Amino acid sequence: MIAANNARSTNNDPVESSESSPITGPANGGGSSRIMRQFGSLFQPSTAARADPAGYVEFGSISDPETQSGRTLGTFAGVFCPVALSMFSALVFIRVGFIVGNAGLYVTLLQFIIAYVILLFTVSSVCAISTNGAVEGGGVYFMISRTLGPEFGGSIGTLFFLANVVGCGLAISGCAEGIIQNFHSTDGHTEGIPDGRWWRFLYCSSINTLMLLVVLIGAEMFAKTSMMILGVVVVCLLSTYISFLSMSDISVPIPEENTLVQNATNRVFGNYSGLSLTTLMENLYAHYGRDYTSHGNEVNFAVVFGVLFSGVTGIMAGANMSGELRNPSRSIPVGTLSAVLFTFLCYIALSVFMAATTSTFLLQNNFLFLGPINVWPTFVTIGILTATFSTGLSNLIGSSRVLEALAKDKVFGSLLNFVIRGTYKNNPITAVIASWILVEAILLIGSLNTIAQINSVLFMLAYLATNLACLGIEITGAPNFRPTYKYFTWHTAFVGLVGTGVMMFVINPIYASSSVILCLILVIALHLFSPASQGAQWGSISQALMFHQVRKYLLMLDSRKDHVKFWRPQMLLLISSPRSCCPLIHFVNDMKKGGLYVIGHVKLGEFSENDSSNDPTIEEYTQWLSLIDHMKVKAFVELTLAKTIREGIQHLTRISGMGAMKPNTIILGFYDEESSKDFLEHEHSPYKTEKFDSEGIKLFPYRGNGEQKSLLPTDYVQIIDDVLRMKKNICLCRHFHRLDKQMIAKSNHIRYIDVWPVNIFEPKNEDPFNVVSQFMLQLACIINMLPVWKKLELRVFLCESEPPAENSAPFERPAEHRLSQLLKSLRISSTIHKLPEWNKDIDFPKHRAILKQFTSNSDSNKVMTEESINRSKLYMQRINQIIRDKSNATAVTFMYLPAPPKLSTIDYKEKCHHYLDLLTELTYDLPPTILVHGVNAVTSTTL
C-alpha cells in the first residue's frame, strides 16, 4: 500500500505495490543466441528462442533433430557405449582378481559400493546440469564453464583435457601390454613378437595412429566402433562367467616375472578349484600381500581402492559427446545411469565368481589367470584388447572435443586459433591431431603406475568441480535452476564433492595436491588474462553467491555481469501503513525467492533549513526495524521525506539498494475505496501484537473509513507510468487482506494458482508469449516452489481473442501447442486451460478499439464518449464474471496489467479515472490478485 504519513496530519493512504523484474544480461533475451553466434557450429541450440520487434518470444521445438546439423548420435551409441566401455577398461579382465585376492570379497564389495556411490552422486550432478537447459559441445567443460564462469571453467577444462590425454595413453599402454603378454615368446624357442622399450613404443604408436584414423573419420564411425567393441567385450565377459560355472580343478602357472614366489628350479602353480564353498570362505576376508608388478611393494586398502577407482573413471565419456548427440538433455542422464548400473552389476558378479572359484594365492600372484581357466583362452585376449582400445578411443575423442571448446571460447586468447581453423564438417581435425601428439608424448613416459595415478587424480578433480558447480547453484536458490532430473539435491552434490575430494587424496596425496595447485594457478592466470566479456555472456555463479555475502563482497558485486539465468526478484514494496497490509508483506517475502526485499515508506513533509527539528524519518526507522522483526521477514527498510507521494516514490525507486543490489520490481497496493483492516490489532489476526501501541498512541497510523485520501487517482496512474519509464517491473496488488496462508496450508478447497496471460485492454493471440506474460509465469512459478504453496496446482488460462488467419499455413502450430512448448522449455510445471466461452459472445475487435483509448497506445486526439465508457465497463464486467467463475478454489491470481495512458493525451485526467475504474471492474470480488507488467526478460532456457 502506498500511503503517505503526513508530518502535520495523520491521514494515511494504503497503497500496496508488488512487482518483480529480471536482472537480465546485456540484452533482452539474447544471451543464448549471442553465445551460439560466437561459438559457431560447436554450440547448436537444442531450444531456439528469438525475439521479434514487438517483444514476443518464439520457441522452436526442443532438440529437433531436423534443426541440428551434425548431431547424429542417440542414447545407446552416443552415451551408453562410451560410458560402459570406459568404465570397463582393463580393470574388468586384469585388475579385479588383484582386488579380490588382497581385499577379500567383503572389502571388495564395500569398495565397489563406495566407488559407485561417489560416481552416482557425480552423475546426479551431471544430469542436473544437462537437464537444466541446452547442453552443447564440450561436454563436462561446457557444463562447468557455463556454471562456474570462465576462470574455474577454463582451468578445470584444461585439466580435464589433460586427463583424457593421459587416460588415452594409459589405455594404449595397457593394450600393448596385452599384445605382448599373449604373443611374445617366453621360452626363446617358439616364434613371437619382439619385446623391448622401443618395440613397445612402436606398438603403442601404431595403436595410437589406428585410433587417430578412426576418430578422424568422424563421430559416426566412432559410435559404430564403440557399439561393435561393446558387443565383443560383453561376449568375452559372458564366456568368463560361463567358464566360472563349467571349469574346475585347474593348475594355473605363476608368471615367470613374479619373482616373489617363483624360483629357478621348480615352476610354481596356483589352484583354480571351480565353484567351492571352501574357496569362498577363504576369500571372504582381506589378505593383503605384495604387488609383484611393482617391485614387491606392500598392498593396503588405499592401494587397492586406487587401482579399483582408476578403472571406473569413465562416467563423463557420454557427456564429452554432447556436441554430436541429437538430444543431449535426455541422452546424457539415461545413457550414463544405465551404463553405471550395467557395469556395477558386471563387476559385482565377477567379484563373487572369483572369490568362489579361485584361491587367494592365485589371485595375488597371477593377474592374467582368467585366460588359462577360460573355455577358450582367446576370448580373454580379445576382451583385453577391445576394452583398452575402446577406452583409448573414448579418451582421444573426448580430449579433442574439450580442446575445441576451449579454443572456440577463446579461454587462452588467440593461442588456440589453429584449432578453430582446422575443423572440417563439424569434426575438429586439428584438435584430434594435437591430442594425438600429446598422447605420443605421454607414451614416452613408460611408467604405467605413475600415469594411472595422475589420470585418476585429474578425473577426480573434474568430478569435484562438477559437484561444486551444482552445489553452488543449489545453495544460491537461483529460480532458473529447475533441472528436469528430479533425483538431484544439494545433499547429493555435497556427498559427491566430499567423496571425490577425499578419495583424490587417498589415491595419491602428492599428485592430488599438485593438481589442485595447478588448477589454482590456471584460475589466477585466466582471471588476469582471459577476455572479460566471457563472464558477462555465460554468467558466473560467483555473482549469485556474492548476493548472500553482501557485507563482505559488496564491492566485488558487478552489475555488468548480471545474467538472466541467475535472475531473482528484488522487491521494493511501497506501503503507507503496515497495519493494513501484513499479509501482503508476508506474501512478497515469499515471492522474493532469496532476492533483495526492501519495504519503502513515503512520509509527507518538508525538511528545510528554517525547520530546526530533526529528520522525522530517523525517529521512525527503529520502529520499522522492530516491525520487520515482528513480521519475521527478511527485508530492508527505506524511508524518505517528500512533498508529494509521487516524488517520494521516485526517490525510493532510484536510490533503494546498494551497488548491484537494486530493486527490479516495484510493488504497489491497489487504488480503491475498500475499508482497511488493522492486522496488528484484530483479535484473530496471526500478526496481532501490542508492542506498537505506546501510551494510547498507535504507531503506523492508517487511513480510517471515510477519511479522505492524500493521493489522487491521476497521481497514482502517473506513479505507474513513472515506474515503467524507469525500466522497473511493476505489480499492483488487490484483495490481499483476504489472504490467509494458514487456511491455504490446511484447506483442501483452495487448490490453484492462476495465471491469465492476456492483455484485457488490447487482447492478442500472441499475449502469452511476450515479456509481460513470461514475467507473470516466472513469479507464479517461484511462488509455486515454496513449501506452503507447493501443494497448489499452477493453472495457465489460454484466452484466444482472434480466429486463425485465413492465409495461415496449414502446418502452423496452434497457440495451445506453442504455449505447452514454452512451459516445457522454461521447466514450469503447470496445466493449460483453454476457454471456449472466452470469445463466444464478446466482440473483441470492437472492444479493442474502445479500450485502446485508456492505454499508452491510445490516440492522443481522440475524445472519449459516454457510450464508449459504458460499453467498456460492461465488457470488463463480463470478463470479470468469466474469471470469477474459474476462481472458486484459487489462492492467488496473476493478471496482465495494461500500460497506463500517456500524459500527452487529451482528457488525460478523465482517462486516468476510467483506466482505474476499468481495472477495478476487472478485479472485482476476485481472490488476492496481482496485476503484473514486466519490462525485461527473466527466464532462461540455456545453461
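See above for the structure.
Draft legend 1. Quick peek at the packing of aromatic side chains. This model, assessed by the stated rule, comprises 27 aromatic pairs. Each ring, one from Phe 76 and one from Phe 80, has its centre 5.3 Å from the other, and the planes form 15°; the classification is stacked. Of this pair, Phe 76 and Phe 80 both sit in helix H2 (residues 75-88), four residues apart, which is roughly one turn of the helix. Taking the relative accessible area as the measure of exposure, Phe 76 reaches 45% and is therefore partly exposed. Classification of Phe 80 by relative accessible area gives buried; the value is 14%. Pairing Trp 490 with Phe 494 gives two aromatic rings, centres 6.3 Å apart and planes at 65°, and the pair type is edge-to-face. Here Phe 494 and Trp 490 lie together in helix H16 (residues 490-507), a separation of four residues that amounts to about one turn.

Draft legend 2. Broad picture of a nonpolar patch on the surface. Together, Ile 113, Val 117, Trp 490, Phe 494, Val 495, Val 498, Val 502 and Val 506 make up an exposed nonpolar region whose accessible area comes to about 630 Å². Mapped by element, the contributors of at least two residues to the nonpolar patch are helix H3 (91-130) and H16. Top contributing element to the nonpolar patch by residue count: H16, with six residues. Of note, Val 495 is situated in helix H16.

Draft legend 3. Just helix H9 (residues 301-310), in detail. Buried residues dominate H9, accounting for seven of its 10 residues. Val 304, Phe 305, Gly 306, Val 307, Leu 308, Phe 309 and Ser 310 are the residues of H9 that are buried. Measuring from the backbone nitrogen of Ala 302 back to the side-chain oxygen at the start of H9 gives 3.1 Å, which picks out Asn 300 as the cap.

Draft legend 4. Structural view of the packing of helix H21 (residues 582-591) against helix H26 (residues 771-784). Running from N to C, H21 and H26 point in directions that differ by 95°, and their axes come no closer than 8 Å. By the criterion of interaxial angle, the relationship of H21 to H26 is roughly perpendicular. Residues Phe 587, Asp 590 and Met 591 of H21 lie in contact with H26, whose contacting residues are Leu 779, Ile 782 and Ile 783. When the residues that make up the contact of H21 with H26 are grouped by side-chain class, the tally is five nonpolar, no polar and one charged.

Draft legend 5. Fine view of the packing of helix H30 (residues 866-885) against helix H31 (residues 908-922). Between H30 and H31, whose axes approach to 8 Å, the crossing angle comes to 25°. Taken together, the axis directions place H30 and H31 in an arrangement best described as roughly parallel. Between H30 and H31, the contacting residues are Ile 869, Ser 872, Lys 873, Met 876, Gln 877, Ile 879, Asn 880 and Ile 883 on the first element and His 914, Asp 917, Leu 918, Glu 921 and Leu 922 on the second. Its residues placed into classes, the contact of H30 with H31 shows six nonpolar, four polar and three charged.

Draft legend 6. Structural view of the environment of Ser 747. Take Ser 747: it is sitting in the loop between helix H25 (741-746) and strand S17 (752-756). Residue classification places Ser 747 among the buried positions, given a relative accessible area of 14%.

Draft legend 7. Unusual backbone geometry, seen in detail. Residues other than glycine seldom take positive phi values, yet Lys 632 does so here, at roughly 60°. Along the chain, the position of Lys 632 falls in the loop between helix H22 (616-631) and strand S12 (636-642). We note that Arg 827 has phi near 55°; this positive angle belongs to a residue other than glycine. As for its position among the elements, Arg 827 is in the loop between helix H28 (815-825) and strand S19 (831-834).

About the thresholds
- Residues numbered from 1 in each chain as written.
- Predicted model: local features only at pLDDT ≥ 70, side-chain atom pairs only at ≥ 80, totals over all residues.
- Heavy atoms only, no water.
- Phe/Tyr/Trp six-rings, centres within 6.5 Å; stacked < 30°, edge-to-face > 60°.
- Helix = DSSP H or I, 4+ residues; strand = E, 2+ residues; numbered from the N terminus.
- Buried < 20%, exposed > 50% of the residue type's maximum accessible area, 1.4 Å probe, protein only.
- Patch = residues over 30% accessible without salt bridge, like charges linked within 9 Å, V, L, I, M, F, W, Y side chains within 5 Å.
- Areas by Shrake-Rupley, 256 points an atom, 1.4 Å probe, with all protein chains shown as cover.
- Salt bridge = Lys/Arg side-chain N within 4 Å of Asp/Glu carboxyl O.
- Polar contact = N/O pair within 3.5 Å; in protein donor to acceptor, adjacent residues only side chain to side chain.
- Axes fitted to C-alpha atoms, helices over the stretch in contact; angles between N-to-C directions.
- Parallel < 35°, antiparallel > 145°, perpendicular 65-115°, else oblique.
- Contact = heavy atoms within 4.5 Å.
- Nonpolar A, V, L, I, M, F, W, Y, C, P; charged D, E, K, R; others polar.

Keep in mind these numbers describe shape, not what the thing actually does.
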